[in-house]
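Topology and contacts: notes
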Amino acid sequence: MTLPLLIEQMLNGLQSGVMLFLIASGLTLVLGIMNFVNLAHGSFYMIGAFAAVSFQLWTGSFVFAAVAACLCAAVAGLAVEYVCARRLYARSHLDQVLVTFGLIYLFNESMRLIFGPQPLASPIPPLLNGSVTLLPGLQYPLFRLTVIGVGLVVAAGMSFVVMRTRLGMLIRAGASDRGMIAVLGVNITWLYSLVFAFGAALAALAGLMSGPLYSVNVGMGESILIMALVVIVVGGIGSLKGAFYAAIVIGLIDTLGRLFLPSAIATIAIYIFMAGVLFVRPQGLFAASAPPQVEARDNGNRVTILWSLSKSRQRVTASVVGLCMIALALVPTLSTWLDDPFLLRLFLRIVIFALMVLSLDLVAGFGGLVSFGHAAFVGTGAYAVAILGWHLDHGEPLALGPIVLAGTHDALVAWPLAIASAAAMALVIGAIALRTSGLYFIMSTLAFAQMLFYLASTPSIYGGEDGLQISQRSTLPLIDLGNRPTLYYLALGLLALCLLLCWRLVNSRFGMIVQACRQNERRVRALGVRTYLYKLLLFVISGVIAGVAGVLLANAELLVSPADLSWTRSGSILIMAIFGGLGTLFGSVVGAATYLMLEFTLSEWTQHWQIVFGPMLIVFVLLARRGLFGLALGRGGNT
């Protein structure tokens, strides 16, 4: 390692950091002032990049393209704020997450429809092409230096505006107490719109500067969004100074880590750093010293539907659930009668996804712990089954420290190990993430899931990004899992068993304490209950159910891939839970069936099905707050 190379890599890290700051600063302002979770913020980054390359190719002027791209993103931000965000300020973070998730579908598919699926190349402006000599033997690209300069100038300008001007005073006051500045006569609606549009323009600025460095492609905003969320968690929500320092540190860790660390560790180095920060200082490095409080309004309007029903309505509901399970049991017969094997394949997937949704419903609906990384536990269970099978097929023992396993397809060995792996992962992630609450909890679970996603994507003997094929299904004595109807009935039986166990669990003393924590954790702690342990145990139980789903998924698909751990898979599970109705248990089956059948129907109609599904999701969240199962129960299901 020479000194010029080290300096060059540090400059690359600084350049990456200032671009992260441009995205994270807008996001943290929106979070800090509006208390609004905008997962579509990365879409403004993508819009800025596409708009810039289009205007630049059209006019030949990079400056004009930059101004036009920022204006386009600002207008898009204003439209999103006016149409969607404004109606969600008083709603839960869960609703905000889902609506902005629907916006991601809409923006991604719109860009794909307009510009096509192929990446676009954005040329470097002629004036910024070439390199400059910084030191003897050190040539550095002029464009990257310009990016660093622009980022630092914007950071200094934002610091001046926020700390030295009346507008900045209003922004800081809004971050501290929104209600108070509204009472003082400040037009809070105008302030919200301004901040939202400004944040979108900053994201677009980062996007247009990233175009010449990387390719411009659909979905480019999602990976950068996750890193921006890590920056916010590390720096502290609402802290502009925290966002700046955290972005620089994370940019350096990410860049230098790829130079000095093994590839498997380098890809997850920033998440390890985030975990360390959360463990030591759960509120972030630069946030207020008080720990984040539980967001009680996250849970006030969706949960505990069944428990408020009268006895007679509970009996009717139980009868309906029983009839639905009988109908599900008749699917193999119907598939054979219609000579349609796809029907059985579709419903097997529905049953497995219902298990995933049930695991999330347990922690989010009853424990108030909105996890955006639940796919991590599903993927852990699935990968454990696949890896054990791979080692048996290749005759290579699996060494786990002092423990050496020969590999196996035996379900009596592989399945308990896979479920235990998912439980252990839930224990580790839960032990750290539960030191936080509210937004920090959502973001930390999301970041941990991404850490596992990148670990699975790292090139290795387990397939890397291509995934891992499974040669055969697991074996059980007297049961042929190679027969799909048999596997379906086993999955359906496990779903029924998990539904029954969850029903008993939420009605037990343990379940009552967990639900009381959701309502008012401080009071429960005052009664002498160690709430952290109760929530951690609930999180681990949820991980066990997700692990069971992962085991079944691996056997059904005979392929596991990093997509099984991705944040989009976690988002899909969350959408299914909302479709069915949180806090309803059986709503998990309704939600999974609705989502997957809707996905199948729309994809048969058009390849751009997400451009229809995204708006449908937004409308559903805005209008059906109790989910389909909650609506089916009628007004008596209200809390």
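Residues numbered from 1 in each chain as written. Predicted model: local features only at pLDDT ≥ 70, side-chain atom pairs only at ≥ 80, totals over all residues. Heavy atoms only, no water.

Moving on, we get to the overall build of the chain. When helices and strands are tallied, the chain shows 25 helices and 6 strands. Rg of the C-alpha trace for the chain: 25 Å, near the compact-globule value of 26 Å for 639 residues, within the 12% margin. Here the C-alpha coordinates of the chain stretch approximately 75 × 65 × 55 Å along the principal axes. Counting over 639 residues, the chain shows a buried share of 57%. Carbon and sulfur atoms make up 67% of the accessible area of the chain, which amounts to about 25,900 Å² in all. A gap of 17 Å separates the mean positions of the 34 positive and 23 negative side-chain charges of the chain. (Helix = DSSP H or I, 4+ residues; strand = E, 2+ residues; numbered from the N terminus. Rg over C-alpha atoms; globule rule 2.2 N^0.38 Å. Buried < 20%, exposed > 50% of the residue type's maximum accessible area, 1.4 Å probe, protein only. Areas by Shrake-Rupley, 256 points an atom, 1.4 Å probe, with all protein chains shown as cover. Lys, Arg positive; Asp, Glu negative; His and termini not counted. Charge placed at Lys NZ, Arg CZ, Asp CG, Glu CD.)

Right, let's get into the pairing of strand β1 (residues 131-135). The pairing of β1 with strand β2 (residues 138-141) spans 4 bridges and is classified as antiparallel. The residue bridging Leu135 from the neighbouring strand is Leu138, located in β2. The loop that links β1 with its antiparallel partner β2 comprises 2 residues; one of these, Gly137, has a positive phi angle of about 85 degrees. (Pairing = 2+ DSSP bridges.)

With that settled, the discussion passes to the pattern of salt bridges. Throughout the structure, instances matching the rule amount to 7 salt bridges. Taking the shortest distance from any N to any O, the salt bridge between Arg349 and Glu557 comes out at 3.0 Å. Of the two residues, Arg349 is situated in helix α15 (residues 341-366) and Glu557 in helix α21 (residues 531-557); the sequence distance between them amounts to 208 residues. For Arg349, a relative accessible area of 27% gives the class partly exposed. Put simply, Glu521 and Lys535 hold a salt bridge, and the shortest N to O gap is 3.1 Å. Pair noted here: Glu521 is in helix α20 (residues 509-526) and Lys535 is in helix α21, with a separation of 14 residues, a long-range link. Taken individually, Glu521 and Lys535 each receive the classification buried, so the pair is uniform in this respect. Via salt bridges that share partners, Glu521, Arg525 and Lys535 belong to a single interconnected network. (Salt bridge = Lys/Arg side-chain N within 4 Å of Asp/Glu carboxyl O.)

All told, the structure shown has 25 aromatic pairs when counted by the stated rule. Ring geometry for Trp390 versus Tyr462: centroids 5.8 Å apart, planes at 80 degrees, classification edge-to-face. Taken as a pair, Trp390 in helix α16 (residues 375-394) and Tyr462 in the loop between α18 (438-457) and β5 (468-469) lie far apart in primary sequence, 72 residues in all. A relative accessible area of 18% places Tyr462 in the buried class. An aromatic cluster is present here, built from Phe101, Tyr105, Phe372, Trp567, Tyr595, Trp609 and Phe613 joined pairwise through their rings. (Phe/Tyr/Trp six-rings, centres within 6.5 Å; stacked < 30°, edge-to-face > 60°.)

Even without being a glycine, Asp339 presents a positive backbone phi close to 55 degrees. Assignment of secondary structure puts Asp339 in the loop between α14 (331-338) and α15. The residue Leu558 is not glycine, and still its phi comes out positive at about 55 degrees. Secondary-structure assignment places Leu558 in the loop between α21 and β6 (559-560). Overall, the relative accessible area of 25% leaves Leu558 in the partly exposed class.

The next subject is empty space enclosed by the protein. The final tally for this structure, using the stated rule, is 4 cavities of 30 Å³ or more. The space that makes up the second largest cavity amounts to roughly 50 Å³. What lines the second largest cavity is a set of 13 residues, and nearest its centre among them are Gly42, Ser43, Ile104, Gly221 and Glu222. Among the elements that take part in the lining of the second largest cavity, helix α9 (residues 220-235) stands out by supplying 4 residues, more than any other. Of the residues belonging to the lining of the second largest cavity, the class tally is 7 nonpolar, 5 polar and 1 charged. (1 Å grid on protein atoms, 1.4 Å probe; cavity = no way out; pocket = protein on both sides within 12 Å on 5 of 7 lines; lining within 4 Å. Points joined across faces, edges and corners; volume = space filled by probe spheres on them. Nonpolar A, V, L, I, M, F, W, Y, C, P; charged D, E, K, R; others polar.)

With that settled, consider the layout of surface pockets. Roughly 810 Å³ of internal volume is contained in the largest pocket. In terms of lining residues, the largest pocket is bounded by 28 residues, among which Ser223, Ile224, Met227, Asp254 and Arg258 are the most central. By residue number, the principal contributor to the lining of the largest pocket is α9, which donates 6 residues. Classifying every residue of the lining of the largest pocket by side-chain character gives 13 nonpolar, 11 polar and 4 charged.

Between its first and last C-alpha atoms α15 spans 37 Å; for 26 residues at 1.5 Å apiece the expected length is 38 Å, and the two agree. At Leu360, α15 is bent by approximately 30 degrees, the largest bend along its length. Counted residue by residue, α15 has 22 buried out of 26 residues, so it is predominantly covered. Directly beyond the C-terminal end of α15, a positive phi value near 70 degrees is found at Gly368. (Expected span 1.5 Å × (residues − 1). Bend = angle between axes of the 7 residues up to and from the residue.)

It is worth spelling out the side chain of Arg569 at this point. Within the secondary structure, Arg569 sits in helix α22 (residues 567-580). One polar contact links Arg569 to Asp564, side chain to side chain, over a distance of 3.3 Å. Among all residues touching Arg569, those that are not within four sequence positions of it are Arg349, Phe353, Ala375, Leu553, Ala563 and Asp564. (Polar contact = N/O pair within 3.5 Å; in protein donor to acceptor, adjacent residues only side chain to side chain. Contact = heavy atoms within 4.5 Å.)

Before going further, it helps to examine the confidence of the model for the chain. In this model, the chain carries an average pLDDT of 84, and 92% of its residues clear a pLDDT of 70 or more. Mean pLDDT across the elements of the chain bottoms out in helix α25 (residues 627-633) (61) and peaks in α21 (93). Across residues 290-308, where pLDDT falls below 50, the model places 71 contacts with residues more than four positions away in sequence or in other chains. (pLDDT = per-residue confidence, 0-100.)

Let us look at a nonpolar patch on the surface. A grouping of Leu5, Leu259, Phe260, Leu261, Ile265 and Ile272 is seen on the molecular surface, where their side chains present a nonpolar patch of about 480 Å² in accessible area. Mapped onto the secondary structure, Ile265 falls in helix α11 (residues 263-266). (Patch = residues over 30% accessible without salt bridge, like charges linked within 9 Å, V, L, I, M, F, W, Y side chains within 5 Å.)

So, about the nonpolar core. Residues Leu39, Phe196, Leu208, Tyr488, Trp567 and Ile575 are the most contacted members of the largest nonpolar core, which totals 210 residues. Apart from residues lying up to four places away in sequence, Phe196 is in contact with Val30, Met34, Phe36, Asn38, Phe44, Gly77, Val80, Glu81, Ala85 and Tyr89. (Core = buried A, V, L, I, M, F, W, Y, C linked by side-chain atoms within 4.5 Å.)

The complete set of buried residues in α14 reads Val331, Pro332 and Ser335. Along the long axis of α14, the arc covered by the buried residues comes to 100 degrees, so they all point the same way. Residues of α14 that are exposed and angled more than 90 degrees away from the buried face: Thr333, Thr336 and Trp337. (Arc of directions from axis to C-beta.)

Quick look at the side chain of Asn12 now. Position of Asn12 relative to the elements: it lies in helix α1 (residues 3-34). Asn12 has contacts with Tyr140, Arg144 and Thr255, leaving out every residue within four places of it along the chain.

What follows concerns the packing of helix α2 (residues 41-59) against helix α4 (residues 93-115). Where α2 meets α4, the closest approach of the two axes is 10 Å, and the angle between their N-to-C directions is 20 degrees. Compared by their axis directions, α2 and α4 come out roughly parallel. For the crossing formed where α2 meets α4, the hand is left-handed. Packed against α2, whose contacting residues are Ser43, Met46, Ile47, Phe50 and Ser54, the element α4 presents Ile104, Phe107, Asn108, Met111 and Phe115 at the interface. In terms of residue class, the contact of α2 with α4 is built from 7 nonpolar, 3 polar and no charged. (Axes fitted to C-alpha atoms, helices over the stretch in contact; angles between N-to-C directions. Parallel < 35°, antiparallel > 145°, perpendicular 65-115°, else oblique. Left-handed = near helix turned anticlockwise from the far one by under 90°.)

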